[in-house]
Amino acid sequence: MSQLFTEVNIGDVALDNRIVIAPMCQYSAEDGKATAWHRIHLGNLALSGAGLLIIEATAVEPQGRISPQDLGLWDDETEQALRVVLDDIRQYSPVKIGIQLGHAGRKASVSAPWLGGKQLSPQEGGWQTISASALAHDPAERPPLEMTKQDLARVKQAFVDSALRAVALGIEVIEIHAAHGYLLHQFLSPLSNQRSDEYGGSLENRLRFTQEVFSAVREAVPASVAVGIRISATDWVEGGWDLDQSVVLTKKIEALGGAYVHVSSGGLSPLQSIKVTAAGYQVPFAKALRQQTNMPVIAVGLITEPQHAEDILQQGEADLIALARGALYDPRWPWHAAAALHGAVHIAPQYRRAEPHGVKGTVK
């Protein structure tokens, strides 16, 4: 039997298979509120047959948006807008739904990628950013303000409040975003965190804020909701965050009740030198962390072929496989993988007659 199509638990949440649709920013919200685009986009992916669909990075406060068009979950209006989308999805799909909660920190206040992705001035609708230290992501950008203790308390509570709104929406999985150079990653990396208080300097200190946020969320939501974390295993910059430090963080998160670790890399510095040598170039990081934790490990990054995904699981390099761009390119990837690997996925009855001749038995 294909391991990709076996059941797996993350925390108390049972998944029908080990395929995850990774969170992907759409830059299509209005004042943080989900729009018709999200209904189309998430609805399409919800019919993919994947075991888990994680909603894009969702800002816990307006200042934490990457762009003015980022999705948010910080008040009743943003909650209700997302509820409408999710209610529609649940009428037709049994997929488990997660959400990635995050704060962009110094990487906030930029335009959408197709508009250049550059930092926006106040005249262009931008805003003052915040971070662990007053160090800009790029020397050409306006620097962020170093967060005060009051800022730390506010943002931590914002994560909790957004998590409780996610629970009210019936979301089963909450992913804390500590990757790709965003706020929590900015606290973790010595390249971006040069504080002199208990949140900077030593590794123990640089881990502190991420641990506090994770612990606060985990304690606030029911045990039935899985709370995991996404990390960048390395900055790909000498002297930055690296795999050894990621091992320490992963063990800390497990001790705090973490349900899984989702392993990506990079995003903190424009000086990064990413070695994309082959498909699945980030899988070695997932494998290394899997050897150090009992939490399920999600591998992601240039995993596009069903047999490759299966091999990663069979070789014990990860417990689940996440797709992002690959799922945008082929929203029925899980169904196609089931046909290739003799598995089966849940498909809407409206689509079942599309099952090709010669590959019967791929739908449930």
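What you see is a predicted model; the values in this text were computed from it and never measured. (Residues numbered from 1 in each chain as written. Predicted model: local features only at pLDDT ≥ 70, side-chain atom pairs only at ≥ 80, totals over all residues. Heavy atoms only, no water.)

A. Representation of unusual backbone geometry within the structure. With a phi close to 60 degrees, Ser109 is a non-glycine residue in the positive phi region. The residue Ser109 is located in the loop between β5 (96-102) and β6 (130-131) in this model. For Ser109, a relative accessible area of 0% corresponds to the buried category. At His180, a position not held by glycine, the phi torsion is positive, near 60 degrees. The residue His180 is located in the loop between β8 (173-178) and α4 (183-188) in this model. (Helix = DSSP H or I, 4+ residues; strand = E, 2+ residues; numbered from the N terminus. Buried < 20%, exposed > 50% of the residue type's maximum accessible area, 1.4 Å probe, protein only.)

B. Highlighting the nonpolar core. Residues Leu4, Ile174 and Ile176 are the most contacted members of the largest nonpolar core, which totals 105 residues. Broken down by element, this core gets its largest block of residues, 7 residues, from helix α3 (residues 149-168). Setting aside chain neighbours within four positions, we find Ile174 in contact with Ile99, Leu101, Ala163, Ala166, Val167, Val217, Val221, Val225, Ala226, Val227, Gly228 and Tyr260. Grouped together as the second largest cluster of nonpolar side chains are 8 residues, Ile66, Ala104, Trp127 and Tyr182 included. (Core = buried A, V, L, I, M, F, W, Y, C linked by side-chain atoms within 4.5 Å. Contact = heavy atoms within 4.5 Å.)

C. Just a nonpolar patch on the surface, in detail. Together, Ile274, Val276 and Leu302 line one region of the surface with nonpolar side chains, adding up to about 240 Å² of accessible area. Locating Val276 in the fold gives a position in the loop between β10 (261-264) and α7 (283-290). (Patch = residues over 30% accessible without salt bridge, like charges linked within 9 Å, V, L, I, M, F, W, Y side chains within 5 Å. Areas by Shrake-Rupley, 256 points an atom, 1.4 Å probe, with all protein chains shown as cover. Salt bridge = Lys/Arg side-chain N within 4 Å of Asp/Glu carboxyl O.)

D. Just the pattern of salt bridges, in detail. Per the counting criterion, the structure on display carries 12 salt bridges. Arg165 is the salt-bridge partner of Asp76, the closest N and O atoms lying 3.0 Å from each other. Highlighted residues: Asp76 in helix α2 (residues 76-92) and Arg165 in helix α3, separated in sequence by 89 residues. On the basis of relative accessible area, Asp76 is assigned to the exposed category, the value being 57%. What emerges from the salt-bridge pattern is a single network uniting Asp76, Glu79, Arg83 and Arg165.

E. Looking closely at the sheet that holds β10. Spatial ordering of the closed barrel is given by β3-β4-β5-β8-β9-β10-β11-β12, a layout of 8 strands whose pairing is parallel. If you compare each strand with its neighbour and ignore which way they point, the axes differ by 25 degrees on average. Where strand β3 (residues 19-21) meets strand β4 (residues 52-59), 2 bridges bridge the pair, whose relative direction is parallel. Opposite Val20, over in β4, you have Leu52 as the bridge partner. Lying on the sheet, helix α1 (residues 36-46) is in contact with β3 and β4; it crosses β4 at an angle near 150 degrees. (Pairing = 2+ DSSP bridges. Axes fitted to C-alpha atoms, helices over the stretch in contact; angles between N-to-C directions.)

F. Just the pairing of β10, in detail. Residues Val261 and Val263 point to one face of β10 and His262 and Ser264 to the other, with burial holding for every one of them. The pairing of strand β9 (residues 226-232) with β10 spans 4 bridges and is parallel. Of the residues in β10, the one forming a bridge with Ser232 is Ser264. Chirality of the crossover, the property in question, places the unit of β9, helix α6 (residues 243-255) and β10 among those that are right-handed. With 3 bridges connecting them, β10 and strand β11 (residues 297-300) associate as parallel partners. (Right-handed = clockwise from strand over helix to strand, strands pointing away.)

G. Here's a closer look at the packing of aromatic side chains. Under the counting rule described, the total for this entry stands at 4 aromatic pairs. Between Trp236 and Phe285, the ring centres sit 5.6 Å apart and the planes meet at 70 degrees, which makes this aromatic pair edge-to-face. Of the two residues, Trp236 sits in the loop between β9 and α6 while Phe285 sits in helix α7, which places them 49 residues apart along the sequence. Like Phe285, Trp236 is buried. Through a chain of ring-to-ring contacts, three or more aromatic side chains come together here, namely Phe187, Tyr199 and Phe209. Its end group placed over the ring of Trp127, Arg65 keeps NZ or CZ at 4.9 Å from the ring centre. Positioned above the aromatic ring of Tyr182 is the side chain of Lys107, whose terminal nitrogen or guanidinium carbon lies 4.6 Å from the ring centre. (Phe/Tyr/Trp six-rings, centres within 6.5 Å; stacked < 30°, edge-to-face > 60°. Lys NZ or Arg CZ within 6 Å of the ring centre and 35° of its normal.)

H. The arrangement of the environment of Gln186 in detail. Inspection of the secondary structure puts Gln186 in helix α4. Residues Gln186 and Ser246 lie 60 residues apart in sequence; the distance between their C-alpha atoms is 14 Å. In this view, Gln186 contacts Ala104, Gly105, Arg106, Lys107, Ile130, Ser131, Ala132, Gly181, Ser192, Asn193 and Leu268; residues no more than four positions away in its chain are not counted. From its side chain, Gln186 meets the backbone nitrogen of Arg106 in a polar contact 3.1 Å long. (Polar contact = N/O pair within 3.5 Å; in protein donor to acceptor, adjacent residues only side chain to side chain.)

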